[in-house]
Amino acid sequence: MKRPLYLMSFCAALVALPAISASACPWAGGDYSFKEHGIYGTFTVNGSCSEIVWSRLSDGPETQPLEKSKHGWSANMNKAKVELLENGSSLRVSDYGGISRQFTAKPAN
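This structure is a prediction, so every number in the text was calculated from the model and none was measured.

## Points about the state of the cysteines
Point 1. Evaluated as defined, the whole model comprises one disulfide.
Point 2. Two residues share a disulfide in this structure: Cys-25 and Cys-49, whose sulfurs sit 1.9 Å from each other. Separated by 24 residues along the polypeptide, Cys-25 in the loop between α1 (2–24) and β1 (30–36) and Cys-49 in the loop between β2 (39–45) and β3 (51–56) bring together distant segments of the chain.

In structure tokens form, the structure reads like this:
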């Protein structure tokens, strides 16, 4: 009798896992914009927080995978590295030339 109960508990945990993972990322399923110090851009994060569509300055949109990092979720773009911080409102943009800036993102949706 205990074996079916363990099996049902295991299956319930597997079903709940994607929902827990998505809720752990405050950026999931959102459209955002930022504008500070004359630098501006927009980005969209998919519902599973595994992909970002990024558009900054006059560049066209760029789609890259997001990976969990020490302080949030990061993606390597063509011209910069982007890190969406765990607080769900700040992002860090590091140009490959060494300049790093932190911005506050505002939901566009």
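## With respect to the sheet that holds strand β4 (residues 62–65)
Point 1. Ordered in space as β4-β3-β2-β1-β10, the five strands form an open sheet in which the pairing is antiparallel. Looking at which strands have only one partner, the edges of the open sheet turn out to be β4 and β10 (106–107).
Point 2. Pairing between β3 and β4: four bridges, direction antiparallel. Following the sheet pairing, Ile-52 is matched in β4 by Gln-64.

## Quick word on the confidence of the model for the chain
Point 1. Per-residue pLDDT for the chain has a mean of 82; in total, 76% of the residues score no lower than 70.
Point 2. By mean pLDDT, the top-scoring element of the chain is strand β6 (residues 72–76) (97), and the lowest-scoring one is α1 (49).
Point 3. Low pLDDT, under 50, characterises residues 11–23; the stretch is placed with two contacts to residues that sit more than four places away or in other chains.

## Let's talk about the sheet that holds strand β5 (residues 67–68)
In a beta sheet, neighbouring strands pair by backbone hydrogen bonds and run either parallel or antiparallel.
Point 1. The strand order across the open sheet built from five strands is β5-β6-β7-β8-β9, with neighbouring strands paired in antiparallel fashion. Pairing within the sheet leaves two strands with one partner each, and these edge strands are β5 and β9 (100–104).
Point 2. Note: β5 against β6, two bridges, orientation antiparallel. Note that in β6 the partner of Glu-67 across the bridge is Ser-74.

## So, the pattern of salt bridges
Point 1. The tally for this structure, following the rule as stated, stands at two salt bridges.
Point 2. Between Arg-92 and Glu-83 there is a salt bridge whose closest N-O contact spans 3.2 Å.
Point 3. Assessed through its relative accessible area of 26%, Arg-92 is described here as partly exposed.
Point 4. The buried category is assigned to Glu-83, whose relative accessible area is 12%.

## Thoughts on the packing of aromatic side chains
Point 1. Taken as a whole, this structure holds seven aromatic pairs when the rule is applied.
Point 2. Summarising the aromatic geometry, the rings of Tyr-32 and Phe-43 are spaced 5.3 Å apart at their centres and angled 25° between planes, so their arrangement reads as stacked. With a gap of 11 residues between them, Tyr-32 in strand β1 and Phe-43 in strand β2 connect regions that are remote in the sequence.
Point 3. Judged by centre distance (4.9 Å) and plane angle (40°), the rings of Phe-34 and Phe-103 are tilted.

Rules of the game
- Residues numbered from 1 in each chain as written.
- Predicted model: local features only at pLDDT ≥ 70, side-chain atom pairs only at ≥ 80, totals over all residues.
- Heavy atoms only, no water.
- Disulfide = S-S within 2.5 Å.
- Helix = DSSP H or I, 4+ residues; strand = E, 2+ residues; numbered from the N terminus.
- Pairing = 2+ DSSP bridges.
- pLDDT = per-residue confidence, 0-100.
- Contact = heavy atoms within 4.5 Å.
- Salt bridge = Lys/Arg side-chain N within 4 Å of Asp/Glu carboxyl O.
- Buried < 20%, exposed > 50% of the residue type's maximum accessible area, 1.4 Å probe, protein only.
- Phe/Tyr/Trp six-rings, centres within 6.5 Å; stacked < 30°, edge-to-face > 60°.

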